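Report on the structure
Here is what each chain is made of, one letter per residue.
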Amino acid sequence: MAKVVNLNGMTIKVIDAQEKDAFLTQDDKDMDIRATAAVRAALNKAKICGKPIARYDTVTHRAYIENADGTIRFVE
C-alpha cells in the first residue's frame, strides 16, 4: 500500500517494491536502475580512493563512518 508523506507543503507518495508495477512507468524503472548503479559506482570509487563512507545501521539506528580498511567508527 502506498504511503503518503507531507513534507514542507509537498505531498510525496512512497510505494513498496511489490507495488512499483502499478505506479511506475518503464522510464521510471530505468531511472531507478541507473541511479542505483551510479550510487554503487560512487561508493566503489570512494573505497578505491581510500575515502571514508558514511553509512547508517538500520538495526541499531546509528550512523557510522566506514574507512577504506574496513574499520568502523560510530558517530555521536
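Everything here concerns the structure above.
Thresholds, definitions, all that
Residues numbered from 1 in each chain as written. Predicted model: local features only at pLDDT ≥ 70, side-chain atom pairs only at ≥ 80, totals over all residues. Heavy atoms only, no water. Buried < 20%, exposed > 50% of the residue type's maximum accessible area, 1.4 Å probe, protein only. Helix = DSSP H or I, 4+ residues; strand = E, 2+ residues; numbered from the N terminus. Pairing = 2+ DSSP bridges. Contact = heavy atoms within 4.5 Å. Polar contact = N/O pair within 3.5 Å; in protein donor to acceptor, adjacent residues only side chain to side chain. Axes fitted to C-alpha atoms, helices over the stretch in contact; angles between N-to-C directions. Salt bridge = Lys/Arg side-chain N within 4 Å of Asp/Glu carboxyl O. Phe/Tyr/Trp six-rings, centres within 6.5 Å; stacked < 30°, edge-to-face > 60°. Lys NZ or Arg CZ within 6 Å of the ring centre and 35° of its normal.

**Digging into the pairing of strand β1 (residues 3-7)**
Side-chain direction in a regular strand flips from residue to residue, so the side chains alternate between the two faces of the sheet. With zero of five residues buried, β1 lies mostly on the surface of the structure. Across five bridges, the pairing between β1 and strand β2 (residues 10-14) is antiparallel. Residue pairing in the sheet places Asn-6 in a bridge with Thr-11 of β2. Here β1 folds back onto β2 in antiparallel fashion, the turn holding two residues, of which Asn-8 has a positive phi close to 50°.

**Overview of the environment of Glu-66**
Checked against the element boundaries, Glu-66 lands in strand β4 (residues 62-66). A sequence separation of 24 residues divides Glu-66 from Ala-42, and the C-alpha atoms of the two residues are 14 Å apart. The contact partners of Glu-66, leaving out residues within four places of it in the chain, are Lys-47, Pro-52, Ile-53, Arg-55 and Thr-71. Side chain to side chain, Glu-66 and Arg-55 meet in a polar contact 2.6 Å long.

**Focus on the sheet that holds strand β5 (residues 72-74)**
A sheet is described by the order of its strands in space; here three strands give the open sequence β3-β4-β5, paired in antiparallel fashion. This sheet does not close on itself; its edge strands, each paired only once, are β3 (53-57) and β5. Adjacent strand axes in the sheet meet at a mean angle of 35°, parallel and antiparallel pairs treated alike. Across five bridges, the pairing between β3 and β4 is antiparallel. Counterpart to Arg-55 in the pairing with β4 is Tyr-64.

**Brief notes about the pattern of salt bridges**
Counted under the stated rule, the structure contains two salt bridges. A salt bridge links Asp-21 to Lys-29, with the shortest nitrogen-to-oxygen separation between them at 2.7 Å. Note on Asp-21: relative accessible area 58%, which makes it exposed. Across the pair Glu-66 and Arg-55 runs a salt bridge whose closest N-O atoms are separated by 2.6 Å. One end of the pair, Glu-66, is in strand β4; the other, Arg-55, is in strand β3, with 11 residues separating them in the sequence.

**Points about the packing of aromatic side chains**
Per the counting criterion, the structure on display carries one aromatic pair. In this structure, Arg-62 packs its charged tip against the face of Phe-74, placed 4.1 Å from the ring centre.

What is shown is where atoms sit, not what they do.
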